[in-house]
Amino acid sequence: GESAKTTSKNQFLRTQATENIIRLTLESTTIAQKDESVIHFVDGATPDFDSDFDAYKRRNGDYISSLGRNSYINLSTYNVSQNIDFAINSISYIAECGKVVGIKVQDAAAGDYTLTFSDMETMNQGYYVYLIDNLLKKQFLVTNNYSYSFNISTDTSSFGNNRLQLRFDTES
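Parameters at a glance
Residues numbered from 1 in each chain as written. Predicted model: local features only at pLDDT ≥ 70, side-chain atom pairs only at ≥ 80, totals over all residues. Heavy atoms only, no water. Helix = DSSP H or I, 4+ residues; strand = E, 2+ residues; numbered from the N terminus. Buried < 20%, exposed > 50% of the residue type's maximum accessible area, 1.4 Å probe, protein only. Contact = heavy atoms within 4.5 Å. Areas by Shrake-Rupley, 256 points an atom, 1.4 Å probe, with all protein chains shown as cover. Lys, Arg positive; Asp, Glu negative; His and termini not counted. Charge placed at Lys NZ, Arg CZ, Asp CG, Glu CD. Phe/Tyr/Trp six-rings, centres within 6.5 Å; stacked < 30°, edge-to-face > 60°. Salt bridge = Lys/Arg side-chain N within 4 Å of Asp/Glu carboxyl O. 1 Å grid on protein atoms, 1.4 Å probe; cavity = no way out; pocket = protein on both sides within 12 Å on 5 of 7 lines; lining within 4 Å. Points joined across faces, edges and corners; volume = space filled by probe spheres on them. Nonpolar A, V, L, I, M, F, W, Y, C, P; charged D, E, K, R; others polar. Core = buried A, V, L, I, M, F, W, Y, C linked by side-chain atoms within 4.5 Å. Pairing = 2+ DSSP bridges.

### Some thoughts on the overall build of the protein
- Looking only at helices and strands, one finds 0 helices and 13 strands in the protein.
- For the protein, the proportion of its 172 residues judged to be buried stands at 41%.
- Taking the contacts inside the protein whose residues are at least 6 apart along the sequence as the reference set, 69% of them involve residues at least 24 apart.
- Total accessible area on the protein stands at roughly 10000 Å², and carbon and sulfur atoms take up 48% of it.
- Here the protein holds 15 positive side-chain charges and 21 negative ones, and the gap between their average locations is 5 Å.

### Observations regarding the packing of aromatic side chains
- In total, this model carries 8 aromatic pairs according to the counting rule given.
- In this structure an aromatic cluster arises from ring pairing among Phe 41, Tyr 93, Tyr 127 and Phe 168.

### Quick look at unusual backbone geometry
- Within the chain, Asn 20 stands out as a residue other than glycine whose phi angle is a positive 60°.
- On the basis of relative accessible area, Asn 20 is assigned to the buried category, the value being 2%.
- The phi dihedral of Asn 145 is positive, around 70°, even though this residue is not glycine.
- Mapped onto the secondary structure, Asn 145 falls in the loop between β11 (138-142) and β12 (146-152).

### Side note on the pattern of salt bridges
- For the coordinates displayed, the defined rule picks out 7 salt bridges.
- Residues Asp 119 and Arg 23 are paired through a salt bridge, measuring 2.9 Å at the closest nitrogen-oxygen approach. Placement of the pair is Asp 119 in the loop between β9 (111-118) and β10 (128-133) and Arg 23 in strand β1 (residues 21-28), with a sequence separation of 96 residues.
- Each member of the salt-bridge network shares a partner with another, and the members are Arg 23, Glu 36 and Asp 119.

### Points about the pairing of strand β6 (residues 74-78)
- The buried count for β6 comes to 5 of 5 residues, which makes it a mostly enclosed element.
- Both faces of β6 are covered, namely the face carrying Asn 74, Ser 76 and Tyr 78 and the face carrying Leu 75 and Thr 77.

### Considering the layout of surface pockets
- When its volume is computed, the largest pocket comes out at roughly 180 Å³.
- Contributing to the lining of the largest pocket are 13 residues, with Gly 68, Arg 69, Asp 107, Ala 108 and Phe 159 lying nearest its centre.
- Its residues assigned to classes, the lining of the largest pocket comprises 5 nonpolar, 5 polar and 3 charged.

### Considerations on the nonpolar core
- Grouped together as the largest cluster of nonpolar side chains are 29 residues, with contacts concentrated most on Leu 24, Leu 115, Phe 117, Leu 131, Leu 166 and Phe 168.
- Broken down by secondary-structure element, the contributors of at least two residues to this core are β1, β2 (34-41), β8 (99-106), β9, β10, β12 and β13 (160-169).
- Ranked by residue count, the leading element in this core is β12, at 4 residues.
- Excluding residues that lie within four positions of it along the chain, Phe 168 makes contacts with Ile 22, Ile 39, Phe 41, Ile 94, Gly 98, Lys 99, Val 101, Tyr 128 and Val 129.

### Focus: the pairing of β2
- Of all the 8 residues making up β2, 6 are buried; the element is thus mostly covered by neighbouring parts of the structure.
- The pairing of β1 with β2 spans 7 bridges and is classified as antiparallel. Bridge pairing links Thr 25 to Glu 36 in β2.
- The turn linking β1 back onto β2 is made up of 5 residues.
- Both β2 and strand β7 (residues 86-91) contribute to a ladder of 4 bridges, which runs parallel. Residue pairing across strands places His 40 opposite Ser 90, the latter belonging to β7.

And the structure:
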């Protein structure tokens, strides 16, 4: 009843910023589209879906049959299975050997794109982060606000789930 109501204004404030995250932002330099994905290192996370930590990727846009793809770009990451796409991918801290996370770019029209890495100031594990471009057979050291420019063509190896990867190492 009325006696159970309160007039006080309760506020819930986060007291500590989230640690050990990397935000990936894919942006088209040709059309006004962008998408984001987050990798989060957390104790107890597994490579599979963890309901406490992860969020599945839900694809943007509508399917356009004449294009054979959705109408809006989609960025996600994956671990072991290329069939489990994450918008938020929480993974465990790495041991001596490195860890690789796949980056999936879907529904991208041909054109120029940038992939930017931010929020890396939250990383406190001392990891070295490398972006691997399997199409160009190159790797790049990723630091906070690093931006990688690349081109997507009609060649299926220029997008999808095999071109880009992130590798995390404890040593350079």
